[in-house]
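A look at the structure
Spelled out, the chains give:
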Amino acid sequence: MLKPVLLPLLSVPILILGAIPYAAAQDSDWYLTGVIGSTRYRMNLDSQVRNSCAGHCDVESAALDGNNATAYHFGGGYRVNPYLAVELAYVDLGHSGSHYRVVSGGITADITSRYRLDGYQASLLGRWPVTERFAVLGKLGVFAARLRYSETGTEAFNPLPRSFTAPTDSSTKTAFGLGAEYRLDPRWSIRADWDRYQGIGRRFAFTESENGRFDSVDSFLLGVLYWF
């Protein structure tokens, strides 16, 4: 699993290599890309559960778990010119979990849940060529997100075992990020990316469709491009 702290460290040797002259022809504009790394989920679940519980139950605990899921992207792109490219990719942001306990009428609800997030992303990439080999990237696009939620446990309003999978929550959100790319040769490049997705999900309520809204989901990735 790629830790977020590794990306700044990896950028140092890339910058050094980027200073080396590159004389090979770069006439390929179409490329395929594959990257892998980690995902960090952020959600103030405690606040959302307390707001939903106000007046009819008490919250003992509520927290998001598993904030370092494995993520990967794969797709393709087209370099319009040295400063602009467009990309389309399938994005898998892995999974995260949560656990909360609430009490209502002397009955305790103890719920363990799992979120899984993936989708498709279309992006514009701004490219700043620092050298012939090395470029800094800025990314802005849209993410067609699919959030899947399931849970098990007991609930305060029905003291029987509970297990369900919610309908897929589909939404379209803005995505943005930064990155760096180093051209190894006319066919291959390596790339480091940070991408952020915000506002995915619905604020928590005691229903099967409102299972929490993420403040942000970040992916930290390292991979390759193949130019053809």
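Structure's up top.
A few points on the structure. Just so we're clear, the structure is a prediction, and the values are computed from it rather than from any experiment.

Scoring rules and cut-offs
- Residues numbered from 1 in each chain as written.
- Predicted model: local features only at pLDDT ≥ 70, side-chain atom pairs only at ≥ 80, totals over all residues.
- Heavy atoms only, no water.
- Helix = DSSP H or I, 4+ residues; strand = E, 2+ residues; numbered from the N terminus.
- Buried < 20%, exposed > 50% of the residue type's maximum accessible area, 1.4 Å probe, protein only.
- Contact = heavy atoms within 4.5 Å.
- Arc of directions from axis to C-beta.
- Polar contact = N/O pair within 3.5 Å; in protein donor to acceptor, adjacent residues only side chain to side chain.

Details of the side chain of Q48
Structurally, the position occupied by Q48 is in helix α2 (residues 45–53). On the accessibility criterion, Q48 (3% relative accessible area) is buried. Those residues in contact with Q48, other than ones at most four positions away along the chain, are M43, R203, F204, G212 and R213.

Comments concerning α2
Considered for burial, the residues of α2 that qualify are L45, Q48, V49, S52 and C53. Looking straight down α2, one finds its buried side chains confined to an arc of 130 degrees; they lie on one side. Where α2 is buried, its residues meet β2 (58–65), β4 (84–104), β5 (107–129) and β11 (212–213). Positive phi appears at G55, one or two residues downstream of α2, with a value of about 95 degrees.

Topic: the environment of E151
With respect to the element layout, E151 can be found in strand β6 (residues 134–155). For E151 and S113, which are 38 residues apart along the polypeptide, the C-alpha to C-alpha distance reads 4.0 Å. Apart from the residues lying within four places of it in its own chain, the contact partners of E151 are Y100, I111, T112, S113, R162, S163 and F164. Side-chain polar atoms of E151 contact the side chain of Y149, separated by 2.5 Å.

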